[in-house]
Amino acid sequence: MAILITGGAGYIGTHAMVEFLNAGREVICVDNFSNSKPCALERVKQITGKDFKSYEVDLLDYDALEKVFVENKIESCIHFAGLKAVGESCEKPLLYYHNNLTGTFNLCALLQKYGAKKIVFSSSATVYGKPASVPITEDFPLSTTNPYGETKLMIERILKDLHAADNEWSVSILRYFNPIGAHKSGLIGEDPKGIPNNLLPYVAQVATGKRPYLSIFGDDYNTHDGTGVRDYIHVVDLAKAHLKAIERAEKVSGVEYFNVGTGVGYSVLDIVKAYEAATGAKVPYKIVARRPGDIDECYANPDKAYRVLGWRAENNIEDMCRDSYRWQSNNPDGYGE
Ligand code: NAD
Ligand code: UDP
(Lines give C-alpha, C1' and ligand atoms only; values in the text may rest on other atoms or scores of the structure.)
(Ligands and ions follow the chains in the order given, each with its own letter.)
Protein backbone atom coordinates (compact mmCIF):
# COMPACT_ATOMS: atom_id res chain seq x y z
CA MET A 1 0.00 0.00 0.00
CA ALA A 2 1.45 3.32 -1.08
CA ILE A 3 1.18 6.94 -0.06
CA LEU A 4 0.56 9.26 -2.99
CA ILE A 5 2.70 12.40 -2.77
CA THR A 6 1.39 15.15 -5.03
CA GLY A 7 3.97 17.85 -5.75
CA GLY A 8 6.64 15.48 -4.49
CA ALA A 9 9.34 17.01 -6.69
CA GLY A 10 8.96 20.45 -5.10
CA TYR A 11 10.83 22.06 -2.24
CA ILE A 12 8.86 20.60 0.66
CA GLY A 13 7.79 17.49 -1.26
CA THR A 14 11.35 16.28 -1.86
CA HIS A 15 12.20 16.66 1.82
CA ALA A 16 9.04 14.79 2.78
CA MET A 17 9.81 12.01 0.29
CA VAL A 18 13.19 11.54 2.00
CA GLU A 19 11.58 11.24 5.45
CA PHE A 20 8.90 8.82 4.24
CA LEU A 21 11.41 6.61 2.41
CA ASN A 22 13.76 6.62 5.40
CA ALA A 23 10.83 5.53 7.56
CA GLY A 24 10.33 2.55 5.23
CA ARG A 25 7.11 3.83 3.66
CA GLU A 26 6.17 3.19 0.04
CA VAL A 27 5.61 6.47 -1.81
CA ILE A 28 4.47 7.37 -5.31
CA CYS A 29 5.17 10.85 -6.61
CA VAL A 30 2.88 12.77 -8.94
CA ASP A 31 4.12 16.10 -10.26
CA ASN A 32 3.70 18.06 -13.49
CA PHE A 33 7.10 19.75 -12.96
CA SER A 34 5.55 23.19 -13.47
CA ASN A 35 7.72 24.46 -10.61
CA SER A 36 10.27 21.68 -10.18
CA LYS A 37 12.62 19.42 -12.06
CA PRO A 38 12.74 15.62 -12.39
CA CYS A 39 16.38 15.57 -11.25
CA ALA A 40 15.22 16.59 -7.76
CA LEU A 41 13.68 13.12 -7.53
CA GLU A 42 16.98 11.53 -8.53
CA ARG A 43 18.58 13.38 -5.63
CA VAL A 44 15.95 11.94 -3.29
CA LYS A 45 16.94 8.46 -4.50
CA GLN A 46 20.60 9.32 -4.00
CA ILE A 47 20.05 10.48 -0.40
CA THR A 48 17.89 7.54 0.63
CA GLY A 49 19.35 4.78 -1.54
CA LYS A 50 15.73 3.82 -2.25
CA ASP A 51 13.69 3.68 -5.41
CA PHE A 52 10.08 4.77 -5.91
CA LYS A 53 7.64 5.32 -8.75
CA SER A 54 6.99 8.77 -10.09
CA TYR A 55 4.52 10.03 -12.67
CA GLU A 56 4.65 13.21 -14.71
CA VAL A 57 0.97 13.96 -14.34
CA ASP A 58 -1.00 17.18 -13.99
CA LEU A 59 -3.69 16.99 -11.33
CA LEU A 60 -5.93 18.83 -13.78
CA ASP A 61 -5.85 15.74 -16.02
CA TYR A 62 -8.37 13.45 -14.30
CA ASP A 63 -7.83 10.50 -16.64
CA ALA A 64 -4.04 10.55 -16.31
CA LEU A 65 -4.37 10.82 -12.55
CA GLU A 66 -6.83 7.93 -12.43
CA LYS A 67 -4.27 5.75 -14.22
CA VAL A 68 -1.98 6.21 -11.20
CA PHE A 69 -4.74 4.86 -8.95
CA VAL A 70 -5.45 1.95 -11.30
CA GLU A 71 -1.80 0.94 -11.50
CA ASN A 72 -1.08 1.18 -7.76
CA LYS A 73 -2.67 0.43 -4.41
CA ILE A 74 -2.91 3.88 -2.92
CA GLU A 75 -4.05 4.15 0.69
CA SER A 76 -3.53 7.84 1.48
CA CYS A 77 -2.19 11.11 0.15
CA ILE A 78 0.06 13.99 1.08
CA HIS A 79 -1.14 16.87 -1.05
CA PHE A 80 1.61 19.41 -1.74
CA ALA A 81 0.86 20.17 -5.39
CA GLY A 82 -0.21 23.74 -5.99
CA LEU A 83 0.94 27.12 -7.18
CA LYS A 84 2.27 29.23 -4.33
CA ALA A 85 3.44 32.71 -5.39
CA VAL A 86 1.30 35.37 -3.70
CA GLY A 87 2.14 38.16 -6.17
CA GLU A 88 1.52 35.99 -9.21
CA SER A 89 -1.80 34.87 -7.74
CA CYS A 90 -2.96 38.52 -7.72
CA GLU A 91 -1.97 38.90 -11.38
CA LYS A 92 -3.39 35.54 -12.51
CA PRO A 93 -6.20 34.64 -10.13
CA LEU A 94 -7.94 32.27 -12.56
CA LEU A 95 -4.75 30.27 -13.02
CA TYR A 96 -4.43 29.89 -9.25
CA TYR A 97 -8.07 29.05 -8.58
CA HIS A 98 -8.14 26.59 -11.47
CA ASN A 99 -4.86 24.86 -10.69
CA ASN A 100 -5.20 24.64 -6.92
CA LEU A 101 -8.94 23.99 -6.66
CA THR A 102 -9.63 21.86 -9.75
CA GLY A 103 -6.49 19.85 -9.04
CA THR A 104 -7.77 19.17 -5.52
CA PHE A 105 -11.27 18.26 -6.78
CA ASN A 106 -9.82 15.65 -9.14
CA LEU A 107 -7.54 14.30 -6.46
CA CYS A 108 -10.25 14.03 -3.80
CA ALA A 109 -12.72 12.44 -6.22
CA LEU A 110 -10.17 9.72 -6.96
CA LEU A 111 -9.14 9.25 -3.33
CA GLN A 112 -12.83 8.73 -2.61
CA LYS A 113 -13.43 6.43 -5.57
CA TYR A 114 -10.46 4.20 -4.68
CA GLY A 115 -11.18 4.13 -0.95
CA ALA A 116 -8.09 6.07 0.07
CA LYS A 117 -9.83 8.62 2.24
CA LYS A 118 -6.83 9.92 4.15
CA ILE A 119 -5.25 13.22 3.23
CA VAL A 120 -2.67 15.56 4.69
CA PHE A 121 -3.01 19.01 3.14
CA SER A 122 -0.41 21.78 2.85
CA SER A 123 -2.15 24.85 4.17
CA SER A 124 -0.46 28.01 5.31
CA ALA A 125 -0.34 30.54 8.12
CA THR A 126 -1.65 32.93 5.46
CA VAL A 127 -5.18 31.71 6.38
CA TYR A 128 -4.89 33.73 9.62
CA GLY A 129 -4.79 36.97 7.58
CA LYS A 130 -3.59 39.81 9.79
CA PRO A 131 -3.73 38.15 13.22
CA ALA A 132 -4.99 40.32 16.08
CA SER A 133 -2.23 38.98 18.34
CA VAL A 134 0.65 36.50 18.46
CA PRO A 135 1.34 33.64 19.03
CA ILE A 136 -1.39 32.25 16.81
CA THR A 137 -3.45 29.22 17.86
CA GLU A 138 -5.48 27.07 15.48
CA ASP A 139 -8.79 28.56 16.65
CA PHE A 140 -7.89 32.11 15.53
CA PRO A 141 -10.30 33.74 13.04
CA LEU A 142 -9.52 32.98 9.39
CA SER A 143 -9.27 35.45 6.52
CA THR A 144 -7.15 36.00 3.46
CA THR A 145 -5.76 38.89 1.47
CA ASN A 146 -4.90 37.34 -1.90
CA PRO A 147 -6.07 34.59 -4.29
CA TYR A 148 -3.30 32.20 -3.22
CA GLY A 149 -4.43 32.40 0.41
CA GLU A 150 -8.04 32.13 -0.71
CA THR A 151 -7.30 28.80 -2.44
CA LYS A 152 -5.81 27.48 0.82
CA LEU A 153 -8.83 28.53 2.84
CA MET A 154 -11.27 27.20 0.25
CA ILE A 155 -9.51 23.83 0.14
CA GLU A 156 -9.58 23.65 3.96
CA ARG A 157 -13.36 24.18 3.79
CA ILE A 158 -13.84 21.67 0.97
CA LEU A 159 -11.95 19.00 2.93
CA LYS A 160 -14.05 19.76 6.01
CA ASP A 161 -17.24 19.30 3.95
CA LEU A 162 -15.94 16.02 2.55
CA HIS A 163 -15.60 14.67 6.06
CA ALA A 164 -19.00 16.05 7.07
CA ALA A 165 -20.56 14.09 4.20
CA ASP A 166 -18.57 10.92 4.80
CA ASN A 167 -16.97 10.51 8.20
CA GLU A 168 -14.58 7.83 6.99
CA TRP A 169 -12.37 10.64 5.75
CA SER A 170 -9.25 11.52 7.75
CA VAL A 171 -8.16 15.05 7.01
CA SER A 172 -5.07 16.61 8.52
CA ILE A 173 -4.58 20.25 7.70
CA LEU A 174 -1.07 21.49 8.34
CA ARG A 175 -0.74 25.25 8.44
CA TYR A 176 2.90 25.90 7.67
CA PHE A 177 4.66 28.97 8.94
CA ASN A 178 7.85 29.90 7.01
CA PRO A 179 9.76 26.83 5.78
CA ILE A 180 13.46 27.46 5.15
CA GLY A 181 16.74 25.54 5.12
CA ALA A 182 17.59 22.39 3.24
CA HIS A 183 18.52 18.75 3.74
CA LYS A 184 21.88 18.30 5.48
CA SER A 185 23.29 16.43 2.46
CA GLY A 186 23.22 19.69 0.48
CA LEU A 187 21.61 17.72 -2.37
CA ILE A 188 18.05 19.05 -2.17
CA GLY A 189 16.75 22.51 -1.33
CA GLU A 190 14.65 25.42 -2.53
CA ASP A 191 15.14 26.30 -6.20
CA PRO A 192 13.14 29.46 -6.92
CA LYS A 193 12.70 30.56 -10.52
CA GLY A 194 14.25 33.95 -11.29
CA ILE A 195 14.46 36.53 -8.51
CA PRO A 196 13.42 34.96 -5.20
CA ASN A 197 10.28 36.41 -3.58
CA ASN A 198 10.95 34.97 -0.16
CA LEU A 199 13.49 36.18 2.34
CA LEU A 200 15.73 33.15 2.85
CA PRO A 201 16.44 32.23 -0.77
CA TYR A 202 17.26 35.89 -1.35
CA VAL A 203 19.59 36.05 1.66
CA ALA A 204 21.28 32.83 0.48
CA GLN A 205 21.94 34.35 -2.94
CA VAL A 206 23.38 37.51 -1.36
CA ALA A 207 25.56 35.51 1.06
CA THR A 208 27.02 33.49 -1.81
CA GLY A 209 27.69 36.58 -3.94
CA LYS A 210 25.02 35.96 -6.58
CA ARG A 211 23.21 39.21 -5.67
CA PRO A 212 24.83 42.35 -4.26
CA TYR A 213 22.52 43.13 -1.34
CA LEU A 214 19.24 42.32 0.34
CA SER A 215 16.41 44.84 0.22
CA ILE A 216 14.70 44.87 3.60
CA PHE A 217 11.06 45.77 3.10
CA GLY A 218 10.45 48.37 5.81
CA ASP A 219 11.91 49.05 9.25
CA ASP A 220 8.89 50.79 10.77
CA TYR A 221 6.81 47.77 11.70
CA ASN A 222 5.54 47.33 15.22
CA THR A 223 8.25 44.79 16.16
CA HIS A 224 11.35 44.78 18.39
CA ASP A 225 13.58 46.30 15.66
CA GLY A 226 11.01 47.57 13.17
CA THR A 227 11.48 44.78 10.60
CA GLY A 228 8.90 42.05 9.96
CA VAL A 229 8.81 39.06 12.30
CA ARG A 230 8.09 35.50 11.12
CA ASP A 231 8.26 31.95 12.44
CA TYR A 232 10.94 30.20 10.36
CA ILE A 233 10.88 26.43 10.43
CA HIS A 234 13.46 23.98 9.09
CA VAL A 235 12.04 22.17 6.07
CA VAL A 236 13.21 18.81 7.45
CA ASP A 237 11.26 19.40 10.67
CA LEU A 238 8.27 20.35 8.55
CA ALA A 239 8.70 17.19 6.47
CA LYS A 240 8.70 15.09 9.64
CA ALA A 241 5.39 16.62 10.72
CA HIS A 242 3.79 15.00 7.65
CA LEU A 243 4.91 11.57 8.74
CA LYS A 244 3.35 12.12 12.17
CA ALA A 245 0.17 13.48 10.58
CA ILE A 246 -0.28 10.49 8.26
CA GLU A 247 0.40 8.05 11.11
CA ARG A 248 -2.40 9.70 13.04
CA ALA A 249 -4.73 9.81 10.03
CA GLU A 250 -4.19 6.07 9.68
CA LYS A 251 -5.57 5.60 13.21
CA VAL A 252 -8.41 8.12 13.50
CA SER A 253 -10.85 9.74 11.13
CA GLY A 254 -11.87 13.37 11.47
CA VAL A 255 -10.63 16.81 10.49
CA GLU A 256 -7.75 18.30 12.42
CA TYR A 257 -5.81 21.52 12.04
CA PHE A 258 -2.21 21.98 13.16
CA ASN A 259 0.15 24.93 13.22
CA VAL A 260 3.56 23.80 12.04
CA GLY A 261 6.05 26.32 13.31
CA THR A 262 8.63 26.66 16.05
CA GLY A 263 6.78 29.20 18.19
CA VAL A 264 9.70 31.64 17.94
CA GLY A 265 9.58 34.83 15.88
CA TYR A 266 12.65 36.29 14.17
CA SER A 267 12.84 39.68 12.49
CA VAL A 268 14.47 40.25 9.11
CA LEU A 269 17.46 41.83 10.87
CA ASP A 270 17.66 38.87 13.28
CA ILE A 271 17.85 36.60 10.24
CA VAL A 272 20.60 38.64 8.61
CA LYS A 273 22.65 38.48 11.82
CA ALA A 274 21.96 34.77 12.36
CA TYR A 275 22.91 33.98 8.75
CA GLU A 276 26.19 35.85 9.05
CA ALA A 277 27.00 34.21 12.39
CA ALA A 278 26.16 30.69 11.20
CA THR A 279 28.02 30.89 7.89
CA GLY A 280 30.73 33.53 8.23
CA ALA A 281 29.40 35.12 5.03
CA LYS A 282 28.37 38.78 4.74
CA VAL A 283 24.80 39.80 3.96
CA PRO A 284 24.82 43.49 2.97
CA TYR A 285 21.38 45.10 3.03
CA LYS A 286 19.46 48.30 2.33
CA ILE A 287 16.25 49.36 3.97
CA VAL A 288 13.59 50.06 1.33
CA ALA A 289 9.84 50.69 1.31
CA ARG A 290 7.38 48.21 2.79
CA ARG A 291 6.09 45.45 0.52
CA PRO A 292 2.32 45.85 0.09
CA GLY A 293 0.30 43.32 2.05
CA ASP A 294 3.04 42.42 4.57
CA ILE A 295 2.10 42.12 8.23
CA ASP A 296 4.14 43.05 11.31
CA GLU A 297 4.36 39.76 13.13
CA CYS A 298 3.35 36.18 12.55
CA TYR A 299 4.37 33.27 14.71
CA ALA A 300 2.75 30.07 15.86
CA ASN A 301 1.72 28.50 19.06
CA PRO A 302 2.71 24.96 17.97
CA ASP A 303 1.58 23.22 21.19
CA LYS A 304 -1.28 21.32 19.58
CA ALA A 305 1.05 19.56 17.13
CA TYR A 306 3.15 18.42 20.08
CA ARG A 307 0.18 17.38 22.20
CA VAL A 308 -1.69 15.50 19.48
CA LEU A 309 0.98 14.41 17.00
CA GLY A 310 3.99 14.25 19.30
CA TRP A 311 5.81 16.52 16.84
CA ARG A 312 7.94 19.53 17.50
CA ALA A 313 10.69 21.35 15.63
CA GLU A 314 14.22 20.21 16.49
CA ASN A 315 16.42 22.48 14.38
CA ASN A 316 17.29 26.00 15.50
CA ILE A 317 17.88 29.11 13.44
CA GLU A 318 21.60 28.38 13.18
CA ASP A 319 20.86 24.94 11.67
CA MET A 320 18.42 26.52 9.23
CA CYS A 321 20.90 29.19 8.06
CA ARG A 322 23.82 26.77 7.80
CA ASP A 323 21.81 24.22 5.81
CA SER A 324 20.44 26.92 3.51
CA TYR A 325 23.99 28.15 2.86
CA ARG A 326 25.32 24.66 2.15
CA TRP A 327 22.58 24.02 -0.42
CA GLN A 328 23.08 27.43 -2.08
CA SER A 329 26.90 27.12 -2.15
CA ASN A 330 26.81 23.60 -3.60
CA ASN A 331 24.06 24.44 -6.10
CA PRO A 332 24.41 28.11 -7.10
CA ASP A 333 21.96 27.55 -9.98
CA GLY A 334 19.65 25.24 -8.05
CA TYR A 335 19.03 22.04 -9.99
CA GLY A 336 20.26 23.74 -13.16
CA GLU A 337 18.69 23.28 -16.58
P1 NAD B 1 6.89 23.93 -4.81
O2 NAD B 1 6.39 24.81 -5.90
O3 NAD B 1 8.37 23.75 -4.68
O4 NAD B 1 6.21 22.49 -4.94
C5 NAD B 1 4.91 22.31 -5.43
C6 NAD B 1 4.98 21.22 -6.49
O7 NAD B 1 3.67 21.02 -7.04
C8 NAD B 1 5.89 21.59 -7.66
O9 NAD B 1 6.81 20.53 -7.87
C10 NAD B 1 4.94 21.76 -8.85
O11 NAD B 1 5.56 21.37 -10.07
C12 NAD B 1 3.79 20.86 -8.44
N13 NAD B 1 2.49 21.21 -9.03
C14 NAD B 1 1.87 22.41 -9.04
N15 NAD B 1 0.70 22.32 -9.68
C16 NAD B 1 0.54 21.03 -10.07
C17 NAD B 1 -0.46 20.31 -10.76
N18 NAD B 1 -1.56 20.90 -11.23
N19 NAD B 1 -0.28 19.01 -10.98
C20 NAD B 1 0.84 18.36 -10.54
N21 NAD B 1 1.82 18.99 -9.89
C22 NAD B 1 1.68 20.31 -9.65
O23 NAD B 1 6.27 24.47 -3.45
P24 NAD B 1 6.61 24.06 -1.94
O25 NAD B 1 7.29 25.21 -1.32
O26 NAD B 1 7.22 22.73 -1.90
O27 NAD B 1 5.14 24.02 -1.35
C28 NAD B 1 4.38 22.81 -1.27
C29 NAD B 1 3.00 23.16 -0.78
O30 NAD B 1 3.10 23.82 0.48
C31 NAD B 1 2.22 24.09 -1.70
O32 NAD B 1 0.87 23.70 -1.70
C33 NAD B 1 2.37 25.43 -1.02
O34 NAD B 1 1.30 26.30 -1.30
C35 NAD B 1 2.37 25.04 0.44
N36 NAD B 1 3.05 26.02 1.32
C37 NAD B 1 4.33 26.39 1.02
C38 NAD B 1 4.96 27.35 1.82
C39 NAD B 1 6.37 27.82 1.50
O40 NAD B 1 6.77 28.86 1.99
N41 NAD B 1 7.15 27.10 0.70
C42 NAD B 1 4.28 27.90 2.92
C43 NAD B 1 2.99 27.47 3.20
C44 NAD B 1 2.37 26.52 2.38
N1 UDP C 1 11.50 40.34 3.19
C2 UDP C 1 12.45 41.32 2.95
N3 UDP C 1 13.14 41.27 1.77
C4 UDP C 1 12.96 40.31 0.83
C5 UDP C 1 11.99 39.29 1.09
C6 UDP C 1 11.27 39.36 2.27
O7 UDP C 1 12.64 42.21 3.76
O8 UDP C 1 13.61 40.33 -0.22
C9 UDP C 1 10.75 40.34 4.48
C10 UDP C 1 9.24 40.45 4.35
O11 UDP C 1 8.85 41.81 4.30
C12 UDP C 1 8.77 39.70 5.61
C13 UDP C 1 9.85 38.64 5.83
O14 UDP C 1 11.00 39.10 5.10
O15 UDP C 1 8.79 40.57 6.72
C16 UDP C 1 9.45 37.26 5.30
O17 UDP C 1 9.05 37.38 3.96
P18 UDP C 1 8.71 36.10 3.07
O19 UDP C 1 8.25 36.59 1.73
O20 UDP C 1 9.87 35.16 3.09
O21 UDP C 1 7.53 35.38 3.86
P22 UDP C 1 6.02 35.88 4.18
O23 UDP C 1 5.99 37.37 4.13
O24 UDP C 1 5.19 35.26 3.12
O25 UDP C 1 5.74 35.37 5.53
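Check the entry above for the structure.
Here the structure is a predicted model, which means the values were calculated and not measured.

1. Topic: the site of ligand 2
Okay, so step 1: Residues in contact with ligand 2 amount to 14 residues; listed here are only the nearest, Leu 199, Ser 215, Arg 230, Arg 291 and Asp 294.
Okay, so step 2: Between Asn 198 and ligand 2, the recorded distance is 3.1 Å, taken from a side-chain N or O atom to an oxygen atom.
Okay, so step 3: With respect to ligand 2, the backbone of Leu 199 contributes an N or O atom lying 2.8 Å from an oxygen atom.
Okay, so step 4: Protein chains bury 87% of the 520 Å² of accessible surface belonging to ligand 2 in isolation.
Okay, so step 5: If you tally residues by element for the shell around ligand 2, the top one is strand E8 (residues 214-217), at 4 residues.

2. Description of the pairing of strand E6 (residues 170-176)
Okay, so step 1: Among the 7 residues in E6, 7 count as buried, and that is most of the element.
Okay, so step 2: Burial of E6 is two-sided: the residues Ser 170, Ser 172, Leu 174 and Tyr 176 facing one way and the residues Val 171, Ile 173 and Arg 175 facing the other way are all buried.
Okay, so step 3: With 7 bridges joining them, strand E5 (residues 118-124) and E6 adopt parallel strand pairing. Along E6, the bridge assignment pairs Val 120 with Ser 172.
Okay, so step 4: Each parallel crossover has a hand, and for E5 linked through helix H6 (residues 147-165) to E6 it is right-handed.
Okay, so step 5: Pairing analysis gives 7 bridges linking E6 to strand E11 (residues 254-260), with the strands arranged parallel. Note on E11: the bridge partner recorded for Val 171 is Val 255.

3. So, the sheet that holds strand E2 (residues 27-31)
Think of a sheet as strands paired side by side through backbone hydrogen bonds, with each pair either parallel or antiparallel.
Okay, so step 1: If you walk across this open sheet you meet the 7 strands as E3-E2-E1-E4-E5-E6-E11, and the pairing is parallel. In this open sheet, the two strands that pair with only one neighbour each are strand E3 (53-56) and E11. On average, adjacent strands in this sheet sit at an angle of 15 degrees to one another, irrespective of strand direction.
Okay, so step 2: The sheet contact formed by E2 and E3 spans 4 bridges and is parallel. If you follow Val 30 over to E3, its bridge partner there is Tyr 55.
Okay, so step 3: Where helix H8 (residues 235-251) meets the sheet, its contacts fall on strand E1 (2-6), strand E4 (74-79), E5, E6 and E11, and the angle it forms with E6 comes to roughly 160 degrees.

What counts and what doesn't
Residues numbered from 1 in each chain as written. Chains lettered and ligands numbered in written order. Predicted model: local features only at pLDDT ≥ 70, side-chain atom pairs only at ≥ 80, totals over all residues. Heavy atoms only, no water. Near = heavy atom within 4 Å. Polar contact = N/O pair within 3.5 Å; in protein donor to acceptor, adjacent residues only side chain to side chain. Areas by Shrake-Rupley, 256 points an atom, 1.4 Å probe, with all protein chains shown as cover. Helix = DSSP H or I, 4+ residues; strand = E, 2+ residues; numbered from the N terminus. Buried < 20%, exposed > 50% of the residue type's maximum accessible area, 1.4 Å probe, protein only. Pairing = 2+ DSSP bridges. Right-handed = clockwise from strand over helix to strand, strands pointing away. Axes fitted to C-alpha atoms, helices over the stretch in contact; angles between N-to-C directions. Contact = heavy atoms within 4.5 Å.

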